[in-house]
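# Structure assessment
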Amino acid sequence: MPAKDIFHNTVKTALEKDKWTVTDENLFIQVEDIDFYIDLTAEKILAAEKTGKKIAVEIKSFLGPSDVTEFHLALGQCLNYRSALRLTEPDRILYLAIPVDVYNEFFSRQFIQRIIGEYQLKLLIFNPAQEEILLWKD
């Protein structure tokens, strides 16, 4: 079982405040002979449509010495997880959860925005102090 990110419980609480039901922590997915663990999964029933929306959330704190290195790792991990989800749970959408300060200071840079667009990375930006989701970037 992989270690939880420092913001694991913070993001879980933020999702619950936003009316999501957390359905799994450390979702295990096996594709062929590769094992993956995604931090959280959640569902939200949309009353108007009488259907639900399913998400998976990979949480990254970006506390390492290099934001660029952290971004490389997070992007690679998200691309692999997204491919694994397409094979196992194609109706589940993957989001990368990052703290608002990381979003404002690093993810707002032009090159990073270009990469996010190129790889269609979906973001969940949260406020760690308030334990709230501030922005969903699709």
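Structure: see above.
An account of the accompanying structure is given in this report.

Reading the values: the criteria
Residues numbered from 1 in each chain as written. Predicted model: local features only at pLDDT ≥ 70, side-chain atom pairs only at ≥ 80, totals over all residues. Heavy atoms only, no water. Helix = DSSP H or I, 4+ residues; strand = E, 2+ residues; numbered from the N terminus. Rg over C-alpha atoms; globule rule 2.2 N^0.38 Å. Buried < 20%, exposed > 50% of the residue type's maximum accessible area, 1.4 Å probe, protein only. Contact = heavy atoms within 4.5 Å. Areas by Shrake-Rupley, 256 points an atom, 1.4 Å probe, with all protein chains shown as cover. Lys, Arg positive; Asp, Glu negative; His and termini not counted. Charge placed at Lys NZ, Arg CZ, Asp CG, Glu CD. Salt bridge = Lys/Arg side-chain N within 4 Å of Asp/Glu carboxyl O. Phe/Tyr/Trp six-rings, centres within 6.5 Å; stacked < 30°, edge-to-face > 60°. Expected span 1.5 Å × (residues − 1). Polar contact = N/O pair within 3.5 Å; in protein donor to acceptor, adjacent residues only side chain to side chain.

Tallying secondary structure elements over the protein chain gives four helices and six strands in all. Rg of the C-alpha trace for the protein chain: 15 Å, near the compact-globule value of 14 Å for 138 residues, within the 12% margin. Reported as C-alpha extents along the three principal axes, the dimensions of the protein chain are approximately 40 × 40 × 30 Å. The buried share of the protein chain, taken over its 138 residues, is 41%. Taking all contacts inside the protein chain whose residues are at least 6 apart in sequence as the whole, residues at least 24 apart take part in 57%. Split by element, the accessible area of the protein chain, about 7,800 Å² in all, is 50% carbon and sulfur. With 16 positive and 22 negative side-chain charges, the protein chain shows a separation of 6 Å between the mean positions of the two kinds.

Let's shift gears to the pattern of salt bridges. Following the criterion strictly, the structure yields six salt bridges and no others. Ionic pairing is found between Arg 92 and Glu 43, a salt bridge with its closest N-O pair at 3.9 Å. Taken together, the positions of Arg 92 in strand 4 (residues 92-99) and Glu 43 in strand 2 (residues 34-46) put the pair 49 residues apart, joining distant regions of the chain. Residue classification places Glu 43 among the partly exposed residues on the basis of a relative accessible area of 27%. A salt bridge links Arg 92 to Glu 89, with the nearest nitrogen and oxygen atoms 2.6 Å apart. Shared partners join several salt bridges into a network, and the residues in it are Glu 43, Glu 89 and Arg 92.

Once that is clear, we can look at the packing of aromatic side chains. Given two aromatic rings, one states the distance between the centres and the angle between the planes to describe the pair. Under the criterion given, the structure shown has 10 aromatic pairs. Look at Phe 7 and Phe 126: their rings are 5.4 Å apart centre to centre, the planes differ by 70°, and that puts the pair in the edge-to-face class. Placement of Phe 7 in the segment before helix 1 (8-17) and of Phe 126 in strand 5 (residues 123-127) is noted, with a sequence separation of 119 residues between them. Neither Phe 7 nor Phe 126 differs from the other in exposure class; each is buried. Judged by centre distance (6.3 Å) and plane angle (40°), the rings of Phe 62 and Phe 106 are tilted. Pair noted here: Phe 62 is in the loop between strand 3 (51-59) and helix 2 (67-88) and Phe 106 is in helix 3 (residues 100-107), with a separation of 44 residues, a long-range link. Both residues of the pair, Phe 62 and Phe 106, belong to the buried class. Counting every residue linked through ring pairs, the aromatic cluster contains Phe 62, Phe 71, Phe 106 and Phe 107.

As for its placement among the helices and strands, Thr 10 is situated in helix 1. Excluding its chain neighbours within four sequence positions, the residues that come into contact with Thr 10 are Phe 126, Asn 127, Pro 128 and Glu 131.

For helix 2, which comprises 22 residues, the first-to-last C-alpha distance of 31 Å matches the rise-based estimate of 32 Å (1.5 Å per residue) to within 8%. All of the buried residues in helix 2 are Phe 71, Ala 74, Leu 75, Cys 78, Tyr 81, Ala 84 and Leu 85.

Secondary-structure assignment places Thr 23 in strand 1 (residues 21-31). Given a relative accessible area of 40%, Thr 23 falls into the partly exposed group. Distance in space between the C-alpha atoms of Thr 23 and Leu 40 is 7.6 Å, their sequence separation being 17 residues. Here the side chain of Thr 23 touches Thr 41 through a polar contact of 2.8 Å, side chain to side chain.

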